[in-house]
Amino acid sequence: MRHEFEVREEIALDATPEEVWEAIATGPGIDSWFMGRNEVEPGVGNTVRHSLMGHTTNATVTAWEPGKRFTYQSEQNPDGTFMAFDYLIEGRERGSTVLRLVHSGFLGDDWEAQYDALKKGDGMYMRKLAAYLKHFPGRTSTFALLVPGPQVPGHEQVWTAFKSALGVAGEVAAGTPVRLTVPGLPPADGVVESTEYPSIPSVCTGDALYTFMHGYRDTVVVEQHGFTEGADVEATEQAWKSWLAQAFA
């Protein structure tokens, strides 16, 4: 049985409508803050492809107004489920922008857990977009990793592990300075951009955007978007896999 859903998000961005458009309506732009690998064919009726962990989904562009509106809807599954994303861009004074997202469609049998994950995830990715536009304007990531870990029911255990990796002893809040220390990765100084206790902190360093998640079905996930050339992506991914295995053994 399918269940209709809708999630609405709005965020003010310190970026021009043109910069926001590049970030949400081009493959390299989306790759710099969203999960997986993304391809966008410009124009109504064309295709948006999203690939993650060996699985690719296709969507059709239903609205294409550069700098103003970008809408697409995924192919309908055999059970009638699908998702649609509608982005509205509104320019404001002093080169800023308000971005509105309506994420809608139909979910399947596990709809309650999926809807909860979408409500948390949509807001988190909008704030991640804001961090990308703030720290890496005009740049696109050279690699993007999403590394899933184990399912851990205890929020406190997860939050303690996140704080340990970030070198934070006290409260974690937007603006908190961190020193990311993970075996196999070079230490990096940065700052917390956003946080939603007990699920998600997002962190920016000089050359990367990180997000730590405790999300769908209590799965712990780490995302990293790197912005330097020549990074050893395989070694970086292995370092995160090892950290996830050790931190939650």
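Here the structure is a predicted model, which means the values were calculated and not measured.

Undergrad: Explain the overall build of the protein chain to me, please; I cannot follow it from the model alone.
TA: Check the secondary structure of the protein chain and you find five helices and 13 strands. Here the protein chain has a C-alpha radius of gyration of 18 Å; the compact-globule value for 249 residues is 18 Å, and the two agree. Counting only C-alpha atoms, the protein chain reaches 45 × 45 × 30 Å along its principal axes. Residue burial in the protein chain is summarised as follows: out of 249 residues, 47% are buried. At a minimum sequence separation of 6, the contacts of the protein chain that also span at least 24 residues come to 53%. Accessible area for the protein chain stands at about 12,200 Å²; split by element, carbon and sulfur atoms hold 49% of it. Looking at charge distribution, the protein chain has the averaged site of its 19 positive side-chain charges lying 3 Å from that of its 34 negative ones.

Undergrad: Any chance you could explain the pattern of salt bridges here in plain terms?
TA: Pairing between side chains becomes possible if they bear opposite charge and their charged atoms approach one another. All chains considered together, the criterion is met by 14 salt bridges. Across the salt bridge formed by Arg100 and Glu10, the nearest N and O atoms sit 3.0 Å from each other. Taken together, the residues Arg100 in strand β7 (residues 97-107) and Glu10 in strand β1 (residues 3-13) connect sequence positions 90 residues apart. For Arg100, a relative accessible area of 27% corresponds to the partly exposed category. Among the salt bridges present, the one from Asp86 reaches Arg69, with a minimum N-O distance of 3.0 Å. Taken together, the residues Asp86 in strand β6 (residues 82-91) and Arg69 in strand β5 (residues 69-74) connect sequence positions 17 residues apart. A residue is classified by how much of its surface remains accessible, and Asp86, at 15% relative accessible area, is buried. When its relative accessible area of 31% is taken as the criterion, Arg69 is described as partly exposed.

Undergrad: How should the side chain of Ser32 be read in this particular structure?
TA: Locating Ser32 in the fold gives a position in the loop between α2 (27-31) and β2 (37-40). Exposure remark for Ser32: the relative accessible area of 0% places this residue in the buried category. Those residues in contact with Ser32 that lie beyond four places of it in its chain are Tyr132, Arg139, Thr140, Ser141, Leu209, His225 and Phe227.

Undergrad: Is there a simple way to explain the layout of surface pockets in this structure?
TA: The method is simple in principle: a probe with the dimensions of a water molecule rolls over the atoms, and the space it marks as empty is what remains. In this structure, the second largest pocket spans a volume of roughly 240 Å³. Lining the second largest pocket are 16 residues, with Leu185, Pro186, Tyr210, Gln224 and Thr236 sitting closest to its centre. Those elements that place two or more of their residues in the lining of the second largest pocket are β12 (208-214), β13 (219-226) and α5 (233-247). Partitioned by chemical class, the residues of the lining of the second largest pocket number nine nonpolar, five polar and two charged.

Undergrad: Quick question: what am I supposed to make of the environment of Gln151 here?
TA: Topologically, Gln151 is positioned in strand β8 (residues 143-151). For Gln151, a relative accessible area of 54% translates into the label exposed. In sequence terms Gln151 and Phe34 are 117 residues apart; their C-alpha atoms lie 22 Å from each other. In contact with Gln151, not counting residues within four places along its chain, are Arg217, Asp218 and Thr219.

Undergrad: I would appreciate a short explanation of the packing of aromatic side chains in the present structure.
TA: The relative placement of two aromatic rings is captured by the distance of their centres and the angle of their planes. Enumeration over the complete set of coordinates arrives at 17 aromatic pairs. Clustering of aromatic rings is evident, with ring pairs tying together Trp159, Phe162, Tyr210, Phe212, Trp240, Trp243 and Phe248. Over the ring of Phe106 we find Arg2; its NZ or CZ atom is 3.7 Å from the centre of that ring.

Undergrad: Please explain helix α1 (residues 17-24) as it appears in this structure.
TA: An α-helical segment advances 3.6 residues per turn. Residues three or four places apart therefore align on the same side. Listing the buried residues of α1 in full gives Pro17, Val20, Trp21, Ala23 and Ile24. Axial view of α1: buried residues confined to an arc of 165 degrees, hence all on one face.

Undergrad: How should empty space enclosed by the protein be read in this particular structure?
TA: Overall, the coordinates contain one cavity of 30 Å³ or more when judged by the stated rule. Computed from the structure, the largest cavity encloses a volume of approximately 60 Å³. If you trace the largest cavity, you find it lined by Trp33, Phe34, Phe85, Tyr87, Leu101, Asp122, Tyr125 and Met126. Breaking the lining of the largest cavity down by element, the ones donating at least two residues are β6 and α3 (111-135). Looking at which element gives the most residues to the lining of the largest cavity, the answer is α3, with three residues. Of the residues contributing to the lining of the largest cavity, the split by class is seven nonpolar, no polar and one charged.

Reading the values: the criteria
Each chain has its residues counted from 1, running along the sequence as written. In keeping with the predicted nature of the model, local features appear solely for residues at pLDDT of at least 70, side-chain atom pairs appear and are counted solely at 80 or more, and the whole-chain, interface and lining totals rest on all residues. Side-chain metrics rest on all non-hydrogen atoms present in the structure, leaving aside hydrogens and water. In this text, helices come from DSSP runs of H or I with a minimum length of four residues, and strands from runs of E with a minimum of two, each type numbered from the N-terminal end. Here the globule rule reads 2.2 Å times residues to the power 0.38, and the radius of gyration is calculated from C-alpha atoms. The buried label goes to any residue with under 20% of its type's maximum accessible area, the exposed label to any with over 50%, and the partly exposed label to all in between, with areas taken from a 1.4 Å probe on protein chains only. We call two residues in contact whenever any of their non-hydrogen atoms come within 4.5 Å of each other. The Shrake-Rupley method, run with a 1.4 Å probe, gives the accessible areas here. Residue values count only the displayed protein chains as cover. Positive charge is attributed to Lys and Arg, negative charge to Asp and Glu, and no charge count is given to His or to the chain ends. Note that the charge is assigned to NZ on lysines, CZ on arginines, CG on aspartates and CD on glutamates. One side-chain nitrogen of Lys or Arg within 4 Å of one carboxyl oxygen of Asp or Glu is enough to make a salt bridge. A pocket, in this scheme, is an open set of points on a 1 Å grid over the protein atoms alone with protein on both sides within 12 Å along at least 5 of 7 lines, while a cavity is a set where a 1.4 Å probe fits but cannot get out; residues line either one if an atom lies within 4 Å of a point. Grid points are joined across faces, edges and corners, and a volume is the space filled by probe spheres set on the points. The nonpolar class holds Ala, Val, Leu, Ile, Met, Phe, Trp, Tyr, Cys and Pro. Asp, Glu, Lys and Arg form the charged class, and all remaining residues, Gly among them, are polar. Stacked, edge-to-face and tilted labels apply to pairs of Phe, Tyr and Trp rings (six-membered ring for Trp) whose centres lie within 6.5 Å, assigned for plane angles under 30 degrees, over 60, and everything in between, in that order. A ring has a charge above it when a Lys NZ or an Arg CZ is no more than 6 Å from the ring centre and no more than 35 degrees off the ring normal. The arc under discussion is defined with respect to the helix axis, by the directions toward the C-beta atoms.

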